[in-house]
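Take a look at the letters that make up each chain.
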Amino acid sequence: MKADPRGVLTGTHFIDGDHACCEGALAAGARFAAGYPITPSTEIVERFASRVPLVGGIFIQMEDELAASITLQGAVWGGAKAFTVTSGPGFSLMMEHIGYAAMTETPCVFVDVQRGGPSTGLPTLPAQADMMQARWGSHGDYEIIALCPNSPQECFDLTIKAFNFAEEFRVPVMFMMDEVVGHMTEKVVIPEASEIEVVPRKHTRKSFEDYLPYGTNGDLVPEMAHAGEGYKFHVTGLTHDERGYPNMTPQTQDVLVRRLQNKVRDSSDRIAMYEEEGVEDADIVVVSYGITSRVAQRAIDIANARGLKVGKFRMITVWPFPETRIREIAARIKAFVVPELNLGQMVREVERSAAGLARTHLVPHAGGSVHRPEDILKVIVEAGQ
Amino acid sequence: MNLVVNPVEPFLRTDRMPHIWCPGCGIGTTVNCFTRALIESKVDLDSLALVSGIGCTGRVAGYMKLDSFHTTHGRAIPFATGLKLANPKLNVVVYSGDGDLSAIGGNHLIHAARRNIDLKVICVNNLIYAMTGGQTAPTTPGRAVTSTSPYGTCEPAFNLPHLVEAAGAIYVARWTTFHVRQLARSISEAFQKKGFSFIEVISPCPTLYQRRNKLGDGLDTMKYYKEKSKVRHGAPTGDVGLTMTGEIIVGKFVDRDRPDYQTLLRAQLHESLGERYVDGTEAVCG
């Protein structure tokens, strides 16, 4: 369906990534946010708090991130599209509720504007060091989807995509920004509502008697009901059967947890979004994401100007990891170069997916600023030798 | 032959019986009272949602034939807050234990009371963590022996009615599982209130609390509740703290009115934005 025009601020704007993310959420139909202030993400909910009363919705500032990350889920079961916004320390506090959303199949979006860590780290400076936490931070086996924008325009476009994936797969979607993208001001074009595709909730049409809250169907994603409609359903974080009833047996666990994983994993090629340039005849491919991809672009351009054959692979979907495509590329090239604002996170996935077919070179950075293009260039040159 | 159906039965997920609660446990009694309050107050069951946290009382949500949510440990209140704000037509009841609501969830308890979120909170207080084997809770009184305080507790306990009154609750009552009619009546009354209501129910855990402290079995505890409870409506909540074997002050302590969160929110936005304000009640849910 098309976006509700009330939430769409059609026009050409000069805004930062945080504000663009807020507009994306509004365009996607989010009418509820619960948050707790934390740099460098706060501007998203500040804007939401100012905008949402004009389009019909609620922002509530909670007492902490534990509360924010579950209040939004209560709102989802009440019928809203909802999200929360945070950064490293708050993201750590939200982990249990990411698991709850995965287990109860609550469609929602968690925005993490990454800053330097561990602990309080660098509150006002960038990092990309929550990438593994986004995937594995809550206990137990589960799958999530994570997207990584590299511009304010993408903060708008991909936030809509994040909500759409959340509804389609009934998973928590991690929107992995970073401080630079969040605070960078650029042109953001917001189209007409009629040009914005929005995925509606997968609401059941079954009768009260026939409805199974966690009944499986062809695509592994159950149909949802909301509180107050008369279905009288049960939702629990315990291992549960199709009725939603707790059933703590290895058999039920196996059926449930495999389905939670497979509903995303089986569609990972379709979920994978990436941008490629010059990959077909490259010797070296630079794999990057988020703000680092923009620094990497400079290094790639210089290297190609010097006669090297360097391609670009920019991940937009980071989880599930686009392993099929990385393996195809690995079979044809000498090496991958992976710059990231951490000491080596997504590089492990690149190396695993390359499966020995191509070498993998990390360009680490502990965070606090972006890479210098020459640092990436140096590794590109080394990798080519 | 006419089968006599227990009036409570239509409210239960009978396909989930037997329940997990121990013989002599008081939680089942509170569920009975809750159900009788639902019958008495004629609450629309389709628009009633039940939210629990984790623990023995946290299992109540799973046994009631209602839209019911068994959430994470300590977070029933913030989940219920989101549910209520997104769909204000719902009557939202939080049903959980003392450890869940006042220890791990203590911050949410006081903030929901401060905001005056329109929730009815039923707190079954068995004075310990029961599900995990009888550890000390913030509510454990006196020098009670628990599995994590084998030589007796030394911490002062929370006086929950005092805490929630200070934080802003508009309705505060306490009963024991001996006071079944009074408890049912209090729950019915809470359904007539708009705002943060808190009902504490003192309840036995014969398996882990009474046994370890040589306080007898479930029946002995009922005798204790009967003999040592004193009904004092309107008692200053500062005076109602519990001891191990002393008297239990019960009754309705607080019944007052002040605007709930959503009323305040709407008024504020109307005042500030005038015509530009779009009341979110329907738009929230698309």
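The rules behind these values
- Residues numbered from 1 in each chain as written.
- Chains lettered and ligands numbered in written order.
- Predicted model: local features only at pLDDT ≥ 70, side-chain atom pairs only at ≥ 80, totals over all residues.
- Helix = DSSP H or I, 4+ residues; strand = E, 2+ residues; numbered from the N terminus.
- Rg over C-alpha atoms; globule rule 2.2 N^0.38 Å.
- Domains from an automatic or database assignment.
- Contact = placed C-beta atoms within 7 Å.
- Nonpolar A, V, L, I, M, F, W, Y, C, P; charged D, E, K, R; others polar.
- Pairing = 2+ DSSP bridges.
- Axes fitted to C-alpha atoms, helices over the stretch in contact; angles between N-to-C directions.
- Parallel < 35°, antiparallel > 145°, perpendicular 65-115°, else oblique.
- Left-handed = near helix turned anticlockwise from the far one by under 90°.
- Core = buried A, V, L, I, M, F, W, Y, C linked by C-beta atoms within 7 Å.
- Buried ≥ 20, exposed ≤ 12 C-beta atoms within 10 Å, placed from the backbone.

J.: What is the right way to look at the overall build of chain A in this model?
T.: Counting secondary structure elements, chain A contains 14 helices and 16 strands. In terms of overall size, chain A behaves like a compact globule, its C-alpha atoms giving a radius of gyration of 21 Å where 385 residues would be expected to give roughly 21 Å. Seen through its C-alpha atoms, chain A measures out along the principal axes to roughly 70 × 50 × 40 Å.

J.: Before we go on, may I ask you to explain the domain arrangement of chain A in this structure?
T.: Quite often, the size of an interface is put as the accessible area lost when its parts meet. Residues and elements named next belong to chain A. According to the domain assignment, chain A consists of domain 1 (5–195) and domain 2 (274–384). One C-alpha centre belongs to domain 1, the other to domain 2; they are set 27 Å apart. Opposite the 23 residues of domain 1 that make contact, domain 2 presents 21 residues. When contributions to the side of domain 1 that touches domain 2 are tallied by element, the ones reaching two or more residues are strand S6 (122–126), helix H6 (131–136), strand S7 (145–147), strand S8 (172–178) and helix H8 (179–183). In terms of residue count, the dominant contributor to the side of domain 1 that touches domain 2 is H6 (4 residues). Residues belonging to the side of domain 1 that touches domain 2 are distributed by class as follows: 17 nonpolar, 3 polar and 3 charged.

J.: I would appreciate a short explanation of the interface of chain A and chain B in the present structure.
T.: The partner chain B presents 39 residues to the 43 residues of chain A that form the contact. Mapped onto the side of chain A that touches chain B, the elements with two or more residues apiece are strand S2 (32–35), helix H2 (42–55), strand S3 (58–61), helix H3 (65–77), helix H5 (95–104) and strand S10 (234–236) of chain A. Taken together, the residues that form the side of chain A that touches chain B break down as 23 nonpolar, 14 polar and 6 charged. The pairing of S10(A) with strand S2 (residues 67–70) of chain B spans 3 bridges and is classified as parallel. Along S2(B), the bridge assignment pairs A:Val235 with B:Phe69.

J.: What am I meant to see in the packing of H3(A) against H5(A) here?
T.: Geometrically, a packed helix pair is captured by the angle between its two axes and the distance between the axes. Residues and elements named next belong to chain A. Interaxial distance between H3 and H5 falls to 8 Å at its minimum, and their mutual angle equals 20 degrees. The angle between H3 and H5 places the two elements in the roughly parallel class. Of the two possible hands of crossing, H3 and H5 adopt the one that is right-handed. Between H3, through Ser69, Ile70 and Gln73, and H5, the contact on the second element is made entirely by His97, Tyr100 and Ala101. Here the contact of H3 with H5 is composed, by residue class, of 3 nonpolar, 3 polar and no charged.

J.: Can you help me understand the sheet that holds strand S3 (residues 91–97) of chain B in this one?
T.: Pairing between sheet strands relies on hydrogen bonds along the backbone, with the strands arranged either parallel or antiparallel. In spatial order, the strands read S10(A)-S2(B)-S1(B)-S3(B)-S4(B)-S8(B)-S7(B)-S10(B)-S9(B); together these 9 strands make up an open sheet with mixed pairing. Looking along the sheet, the strands with just one partner apiece sit at the ends: S10 of chain A together with strand S9 (229–231) of chain B. Sheet twist, expressed as the average angle between the axes of neighbouring strands with direction ignored, equals 15 degrees. Where S9(B) meets strand S10 (residues 248–255) of chain B, 3 bridges bridge the pair, whose relative direction is parallel.

J.: When you look at the nonpolar core in this model, what are you seeing that I'm missing?
T.: Where a protein is soluble and globular, its nonpolar side chains tend to be buried together. One finds A:Ala33, A:Ile145, A:Val173, A:Val337, A:Ile380, B:Val51 and B:Leu83 to be the most contacted residues of the largest nonpolar core, which totals 204 residues. Per-element tally for this core: the top contributor is helix H7 (residues 152–169) of chain A, with 9 residues. Residue assignment places this core across two domains, with domain 1 (5–195) and domain 2 (274–384) of chain A each supplying three or more. Among all residues touching A:Ile380, those that are not within four sequence positions of it are A:Ile284, A:Val286, A:Ala299, A:Ala303, A:Leu308, A:Val310 and A:Val337.

J.: How should unusual backbone geometry be read in this particular structure?
T.: Leaving glycine out, the prevailing phi sign among residues is negative, and the prevailing peptide bond configuration is trans. Cis geometry marks the peptide bond from A:Thr39 to A:Pro40, where omega comes out at 0 degrees. A:Gly117 connects to A:Pro118 through a cis peptide bond whose omega is 0 degrees. Its location among the elements puts A:Pro118 in the loop between strand S5 (108–116) and S6. Of note, the phi angle at B:Leu127 is positive, near 75 degrees, even though the residue is not glycine. Following the sequence through the fold, B:Leu127 ends up in the loop between strand S4 (120–125) and strand S5 (128–129).

J.: Would you mind going over the sheet that holds strand S13 (residues 310–315) of chain A with me for this structure?
T.: Residues and elements named next belong to chain A. With mixed pairing, 5 strands are arranged side by side in an open sheet as S11-S13-S12-S15-S16. Two strands lie at the open edges of the sheet, namely strand S11 (274–277) and strand S16 (359–363), each paired on one side alone. In this sheet, adjacent strand axes meet at a mean angle of 20 degrees when their direction is disregarded. With 5 bridges joining them, strand S15 (residues 335–339) and S16 adopt parallel strand pairing. When the bridges of S16 are listed, Phe336 appears paired with Thr360. Sheet contacts for helix H11 (residues 292–305): strand S12 (284–289), S13 and S15; angle to S12, the most-contacted strand, approximately 160 degrees.

J.: I'm lost on the pairing of S5(A) in this one. Help?
T.: The side chains of a regular strand alternate, first on one face of the sheet and then on the other. All names here are of chain A. In terms of burial, S5 is a largely internal element, 9 of the 9 residues being buried. Sheet topology note: the S5/S8 ladder contains 7 bridges and is parallel. Paired with Val111 across the two strands is Phe175, which belongs to S8. In the sheet, S5 pairs with S6 via 2 bridges, with the strands oriented antiparallel. From the neighbouring strand, Gly116 faces S6, where its bridge partner is Leu122. Counting the residues between successive antiparallel strands, the hairpin from S5 to S6 contains 5 residues, one of them, Ser119, with a positive phi of roughly 55 degrees.

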